[in-house]
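Coordinates in review
Given next are the chains, with one letter for each unit.
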Amino acid sequence: YRDRFPKHDLTGGYIGDGYPLCVDLPPKMFLRKGAKYKLLGDNPRPQAFEDRQDLLNDPSIKRFVLDIDSPLREKLCNAVGDECQYDVVVTLDSNLEPFGQELLVDEPRVV
């Protein structure tokens, strides 16, 4: 993502200067300690989530459901008995190992 209208900071640079580019981050960042997940609802295209129009109907974009044995699913589900009790925000407190189809994903948009 690149801001088409970058904002100046108070020192003559730009807001965001000094932050690493997404391409420079380690692989599978969505499974690393500190990754944050926000509950947006059960719609794969929720109202609070904006996406580029060209991505909405792109047939090359694949959707999948997290495997029942996925450590990420376990963290997000927060099960009580057989029912998931989803928290509004989940921040990973440790690195997770990729499981199943997570091995094929680099940058998930919505989980």
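Keep in mind that this is a model prediction, so the values were computed, not measured. (Residues numbered from 1 in each chain as written. Predicted model: local features only at pLDDT ≥ 70, side-chain atom pairs only at ≥ 80, totals over all residues. Heavy atoms only, no water.)

**Brief notes about the state of the cysteines**
- Counted by the stated rule, this structure contains one disulfide.
- The side chain of Cys 77 participates in a disulfide bridge whose partner is Cys 84; the two sulfur atoms lie 2.0 Å from each other. The S-S bond linking Cys 77 to Cys 84 shows a torsion near -100 degrees; that makes this disulfide left-handed. Neither Cys 77 nor Cys 84 differs from the other in exposure class; each is buried. (Disulfide = S-S within 2.5 Å. Buried < 20%, exposed > 50% of the residue type's maximum accessible area, 1.4 Å probe, protein only.)

**Notes on the side chain of Lys 28**
- Looking at the element boundaries, Lys 28 is found in the segment before strand S1 (36-38).
- Residue contacts for Lys 28: discarding those within four places in its chain leaves Glu 102, Leu 103, Leu 104, Val 105 and Asp 106. (Helix = DSSP H or I, 4+ residues; strand = E, 2+ residues; numbered from the N terminus. Contact = heavy atoms within 4.5 Å.)

**Description of the pattern of salt bridges**
- The full count for this structure, using the stated rule, is two salt bridges.
- Between Lys 28 and Asp 106 there is a salt bridge, with the nearest N and O atoms lying 3.9 Å from each other. Taken as a pair, Lys 28 in the segment before S1 and Asp 106 in the segment after strand S2 (89-91) lie far apart in primary sequence, 78 residues in all.
- Overall, the relative accessible area of 16% leaves Lys 28 in the buried class.
- Among the residues examined, Asp 106 registers a relative accessible area of 57% and is labelled exposed.
- Among the ionic pairs, Lys 75 bridges to Asp 93, the shortest N-O distance being 3.0 Å. One end of the pair, Lys 75, is in helix H2 (residues 71-77); the other, Asp 93, is in the segment after S2, and 18 residues separate them in sequence. (Salt bridge = Lys/Arg side-chain N within 4 Å of Asp/Glu carboxyl O.)

**A look at the environment of Lys 28**
- With 76 residues separating them in the primary sequence, Lys 28 and Leu 104 have C-alpha atoms 9.7 Å apart.
- A distance of 3.3 Å separates a polar side-chain atom of Lys 28 from the backbone oxygen of Glu 102.
- A polar side-chain atom of Lys 28 sits 2.4 Å from the main-chain carbonyl oxygen of Val 105. (Polar contact = N/O pair within 3.5 Å; in protein donor to acceptor, adjacent residues only side chain to side chain.)

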